[in-house]
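Structural description and commentary
As a plain string of letters, each chain reads:
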Amino acid sequence: MVTFRGCYTALITPMNSNCQVDYEGLRRLVDFQIQEGVSGLLAVGTTGESPTLNWSEHSKVIEKMHEFAGSRCLTIAGTGSNSTQEAIEGTAHAQDAGVNAVLLVDPYYNGPSSIEIRREYIEPVACRFPDVQVIPYIIPGRTGTQLFPQDLAILSHQYPNVRCVKEATGDLKNMELTRQLCGEDFDILSGDDDKTYTMMVSPDINASGVISVVSNIAPRAVVNMVHYVLDGNEEAASVIAQALQPLFNIVTVKTQEQTRYGSVTCKARNPVACKALMNVLGMPSGPCRQPLGKMTRNGLEIVLANARKVHENNPEIFQPIADFFGVDIKDRLYNERYLEGLTYA
């Protein structure tokens with residue numbers, strides 16, 4: 001049985017300028033992440049733009065991620081769907097590719113109940129693939145539905161390969177109930193970077209790590225934060241969590257934009273801001289696939305302000321990017337030429 005303790009990066013899927021998957025860029029990102037000490041990598045989660053990859057691309061990204069990682073870290077494949085049959089087929093491919101675990105996001109849009117998620121979605125996968133670790137991913141803000149702690153507990157006690165959850169409800173009471181019902185040997189991984197520290201230090205949640213978006217950009221810092229908590233040094237972890245807060249702030253960027261018809265809210269959701277910053281910093285990233293697009297200039301200014309704050313106050317956080325990708329962080333963050341094409345006119 002795999003134990004999930006540490007920092008696992010939810011990899012972005014880098015694209016070329018024509019929005020085709022950049023597999024060489026993916027290799028470089030995998031090497032960078034492993035060099036910086038992550039415990040594992042997740043391919044084609046929501047951060048990896050799974051909704052807009054066709055299943056052939058989806059499977060190839062998983063294959064390549066696992067191939068590039070080799071035996072250097074644990075690998076996780078996002079094989080969730082709002083079709084159980086698709087999830088089964090994706091999980092079969094991931095198993096054939098040698099991947100260690102799969103992430104099953106709650107079925108989106110068609111909105112099954114919690115008991116349906118358990119009986120008609122997670123159970124068929126867990127039962128059919130007993131040697132694959134199955135990680136339910138609970139994020140009602142994106143899916144419009146939720147596997148509840150009671151049904152998760154039934155799964156965890158019935159199937160030895162359901163011993164972990166990615167928790168992105170934002171509801172600490174829900175997480176506490178999961179811990180109470182699933183027991184101390186069940187792994188809870190944070191699905192919200194800004195809540196990781198709180199989830200890990202809370203004795204009633206006792207999360208064992210994170211599947212992180214921000215670790216695409218700052219893997220070493222997130223790894224250190226997580227391992228300080230696991231080692232009992234909460235004070236050192238708190239210092240890093242505070243230093244990372246500006247990056248946590250840009251996972252989703254919300255602005256008010258003016259149109260000829262009045263003010264409208266613009267919410268740039270993950271991975272739009274993350275990929276924009278990676279482009280600015282000179283990392284393999286490229287554009288998002290439609291219907292995701294670009295940031296507004298107001299949104300990008302928020303991203304830049306937060307990134308500059310990190311660089312000015314804690315330059316060591318971005319130093320691994322400078323070293324690995326051969327870039328000048330200050331130049332990248334303050335030179336307008338690196339912003340070209342990243343915003344709507």
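A short tour of the structure in this document, coming up. (Residues numbered from 1 in each chain as written. Predicted model: local features only at pLDDT ≥ 70, side-chain atom pairs only at ≥ 80, totals over all residues. Heavy atoms only, no water.)

Here we look at the overall build of the protein chain
Our working rule: Here a helix means four or more residues in a row that DSSP labels H or I, a strand means two or more in a row labelled E, and each is numbered from the N terminus. Based on C-alpha atoms, the radius of gyration is set beside the globule rule, defined as 2.2 Å times the residue count to the power 0.38. Burial classes: relative accessible area under 20% of the type maximum marks a residue as buried, over 50% as exposed, and values in between as partly exposed (1.4 Å probe, protein chains only). Residue contacts are counted whenever heavy atoms from the two residues lie within 4.5 Å of one another. Surface accessibility follows the Shrake-Rupley procedure with a 1.4 Å probe radius. Residue values consider only the protein chains on display as shielding.
Regarding its fold elements, the protein chain presents 14 helices and 10 strands. For 345 residues, the compact-globule estimate of 2.2 N^0.38 gives 20 Å, and the C-alpha radius of gyration of the protein chain, at 19 Å, lies within 12% of that figure. Seen along its three principal axes, the alpha-carbon backbone of the protein chain occupies a region of about 55 × 45 × 45 Å. Counting only residues that meet the buried cut, the protein chain has 57% of its 345 residues in that class. Counting only contacts in the protein chain whose residues sit at least 6 apart along the sequence, the fraction spanning at least 24 positions is 69%. Accessible surface, the protein chain as shown: approximately 14400 Å² in total, 46% of it carbon and sulfur.

What to know about the packing of aromatic side chains
Stated formally: Side-chain rings of Phe, Tyr and Trp, where Trp is taken by its six-membered ring, are said to pair if the distance between their centres is within 6.5 Å; with planes under 30 degrees apart they count as stacked, over 60 as edge-to-face, and otherwise as tilted. Lysine NZ or arginine CZ positioned within 6 Å of the ring centre and within 35 degrees of the ring normal marks a charge as sitting over the ring.
All chains considered together, the criterion is met by 4 aromatic pairs. Taken together, a centroid distance of 5.3 Å and an interplanar angle of 50° make the contact between Phe-32 and Phe-324 tilted. Taken together, the residues span a long stretch of sequence, with Phe-32 in helix α1 (residues 23–35) and Phe-324 in helix α13 (residues 319–325) at a distance of 292 residues. Among the residues examined, Phe-32 registers a relative accessible area of 0% and is labelled buried. Overall, the relative accessible area of 26% leaves Phe-324 in the partly exposed class. Among the aromatic side chains, those forming a connected cluster through ring pairs are Phe-32, Phe-324 and Phe-325. Lys-166 extends its terminal NZ or CZ atom over the ring of Tyr-137, reaching a point 4.0 Å from the ring centre.

Here's the deal with unusual backbone geometry
With an omega of 10°, the peptide bond between Asn-270 and Pro-271 qualifies as cis. Mapping Pro-271 onto the fold places it in the loop between β10 (262–268) and α11 (272–281). Cis geometry is adopted by the peptide bond preceding Pro-291, which originates at Gln-290 and carries an omega value of 15°. Positionally, Pro-291 belongs in the loop between α11 and α12 (297–313). Of note in the backbone geometry, Val-44 takes a positive phi value of approximately 50° without being a glycine. Mapped onto the secondary structure, Val-44 falls in the loop between β2 (40–43) and α2 (55–69).

A look at the packing of α11 against α12
Two packed helices can be described by the angle between their axes and the distance between those axes. The test is simple: In this analysis an axis means a line fitted to C-alpha atoms, helices contributing only their contacting stretch, and an angle means the value between N-to-C directions, from 0 to 180 degrees. An angle counts as roughly parallel when it lies under 35 degrees, as roughly antiparallel when it exceeds 145, as roughly perpendicular when it falls between 65 and 115, and as oblique in every other case. Each crossing gets its handedness from the near helix: less than a right angle anticlockwise from the far helix is left-handed, clockwise is right-handed. The nonpolar class holds Ala, Val, Leu, Ile, Met, Phe, Trp, Tyr, Cys and Pro. Asp, Glu, Lys and Arg form the charged class, and all remaining residues, Gly among them, are polar.
Where α11 meets α12, the axes come as close as 10 Å, and the angle between the chain directions of the two elements is 60°. Considering their axes alone, α11 and α12 lie oblique with respect to each other. Remark: the crossing between α11 and α12 carries right-handed chirality. Across the interface between the two elements, Ala-273, Ala-276, Leu-277 and Val-280 from α11 touch Leu-300, Val-303, Leu-304 and Ala-307 from α12. For the contact of α11 with α12, the per-class residue count stands at 8 nonpolar, no polar and no charged.

A look at the environment of Ile-317
Tracing the sequence through the fold places Ile-317 in the loop between α12 and α13. C-alpha of Ile-317 to C-alpha of Ile-217: the two residues are 100 residues apart in sequence and 8.8 Å apart in space.

Side note on α11
Within α11, 9 of the 10 residues are buried, which leaves the element mostly enclosed by the surrounding structure. Buried residues of α11: Val-272, Ala-273, Cys-274, Lys-275, Ala-276, Leu-277, Met-278, Val-280 and Leu-281, and no others. Positive backbone phi, at 85°, marks Gly-282, one or two positions downstream of α11.

What about the pattern of salt bridges?
Heads up, the condition is: Think of a salt bridge as a Lys or Arg side-chain nitrogen and an Asp or Glu carboxyl oxygen that are within 4 Å of each other.
Summed over the entire model, instances satisfying the criterion amount to 15 salt bridges. Taken together, the shared-partner salt bridges connect Glu-24, Arg-27, Asp-31 and Arg-72 into one network.

Things to note about the environment of Lys-275
Heads up, the rule is: Whenever two N or O atoms come within 3.5 Å, that pair is a polar contact, provided that in protein one can donate a hydrogen and the other can accept it, and provided that, for residues adjacent in sequence, both atoms are side-chain atoms.
Along the chain, the position of Lys-275 falls in helix α11. By relative accessible area, Lys-275 is classed as buried at 1%. Excluding residues that lie within four positions of it along the chain, Lys-275 makes contacts with Ile-12, Thr-13, Met-15, Glu-49, Ser-285, Gly-286, Pro-287 and Cys-288. Polar contacts involving the side chain of Lys-275 include one to the main-chain carbonyl oxygen of Pro-287, which spans 2.8 Å.

Read these as spatial facts, not as claims about activity.
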